Amino acid sequence: MRLLHTSDWHLGRAFHRVNMLGAQAEFIGHLCATVREREVDAVVVSGDVYDRAVPPLAAVELFDDALHRLAELGVPTVMISGNHDSARRLGVGAGLIGRAGIHLQTDPSAAGMPVMLADAHGDVAFYGLPYLEPALVKDEFGAEKAGHETVLAAAMHRVRADLATRARGTRSVVLAHAFVTGGEPSDSERDITVGGVASVPAGVFDGVDYVALGHLHGCQTITERVRYSGSPLPYSFSEAEHRKTMWLVDLGADGSLAAERIDCPVPRALARIRGTLDELLAEPGLARYEEAWVEATLTDAVRPADPMARLTERFPHTLSLVFAPERAPDDPDVSYARRLAGRSDQEIAEDFVAHVRGAGPDALERGVLRDAFDAVRADDAVREVAR
């Protein structure tokens, strides 16, 4: 069976101030053309179809167009919801849409209920594990503690239990939206840390033939059978070095696997350039970036006059301007943002405690802070579901 694995469309999202709906529509066209030209047997979409729980109308219309085009191809599609989606909204009408061959798996309680497809060699069971917010699903899975590994392990237990009842030789595909240990994140993914832990080990998924992951925006191979497709488009300058692709996966009769990366359309190259303003305006080697979307980091000791206007004369698609004067890290003039760069909310809070009282929090206090951040995240998730 030939699968096309994609994820993280984030329909409705902009890239800085650039509307990406046109590029997203172009990707949908490319996806459908690939399905047709490469004789794909099934499409899997591993979450974050939309960029937010209540997407703009234009994004909903594009999704509707994608559903119609996929249905017209007559190729089954299996989709799950991600942490940016509203699972309940995305799943509306799933029963009816399923009759057209588009299977929306957004209900955590249905983790052990696969979509069954078949090829000349027998059945393939597709299990959809939508994003499992630990605080919201721990009771469903009988988990004593709200944690990513705990709830995913419980969901996979249901998958294996169901698979054990299937005919011998039934192959299996799991769609999951999660941060798996070993994956390389980027700046455009929403933090899903719970209890100080964001990732789960790949071993949670042992026992299935292919795991089609979503959440991380870079295409990557965790193990031969556990892969991220990544987002089809860039959503932050941290993705400047990404090659945006989908996975074309051939699942053999015996569960053997062959995978090929299919490139996605590139609306415009990304470039990160760094130096003083005069250097950036004069350096001949930067000519190749003059038509790219640019993030410019200025290292001038003193902020120059009209930097954006001057930069856009040479780089008309400059979208981001960062000021980072070359100073020692302990220099009092180093910006607050630079001092906090790369630090988690937990680390920032612990530093604040140390600053106020002269000593950092002990283990018990760190636990209190962690529980507070988890409670805020859980409350945000509940509010988003209720909207």
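All of these numbers come straight from a predicted model, not from anything done at the bench. (Residues numbered from 1 in each chain as written. Predicted model: local features only at pLDDT ≥ 70, side-chain atom pairs only at ≥ 80, totals over all residues. Heavy atoms only, no water.)

Time to look at the nonpolar core. In this structure, Leu129, Leu152, Met156, Val174, Val180, Phe205 and Leu213 are the most contacted members of the largest nonpolar core, which totals 34 residues. Elements that contribute at least two residues to this core include exactly β8 (122-129), α6 (148-163), β9 (171-177), β10 (210-214) and β12 (226-228). Per element, the largest residue contribution to this core is seven residues, and it comes from α6. Among all residues touching Val180, those that are not within four sequence positions of it are Ser199, Val200, Pro201, Ala202, Phe205, Leu213, Ile222 and Tyr228. Within the second largest apolar cluster, 29 residues are counted, among which are Leu21, Val45, Ile102 and Leu248. (Core = buried A, V, L, I, M, F, W, Y, C linked by side-chain atoms within 4.5 Å. Buried < 20%, exposed > 50% of the residue type's maximum accessible area, 1.4 Å probe, protein only. Helix = DSSP H or I, 4+ residues; strand = E, 2+ residues; numbered from the N terminus. Contact = heavy atoms within 4.5 Å.)

Sheet topology note: the strand β13 (residues 245-251)/strand β14 (residues 257-263) ladder contains seven bridges and is antiparallel. Bridge pairing links Met246 to Ile262 in β14. (Pairing = 2+ DSSP bridges.)

Paired through their backbone hydrogen bonds, the strands of a sheet run either parallel or antiparallel. Reading across the sheet, the three strands line up as β15-β16-β17 and stay open at both edges, with parallel pairing between neighbours. Strand pairing shows two members of the sheet lacking a second neighbour, β15 (270-275) and β17 (318-323), which therefore form its edges. With strand direction ignored, the average angle separating the axes of adjacent strands in the sheet is 15°. Where strand β16 (residues 293-298) and β17 come together, five bridges link them in parallel fashion. By the bridge assignment for β17, Val294 is matched with Thr318. Packed onto the sheet, helix α8 (residues 307-314) meets β16 and β17 and runs at close to 135° relative to β17. (Axes fitted to C-alpha atoms, helices over the stretch in contact; angles between N-to-C directions.)

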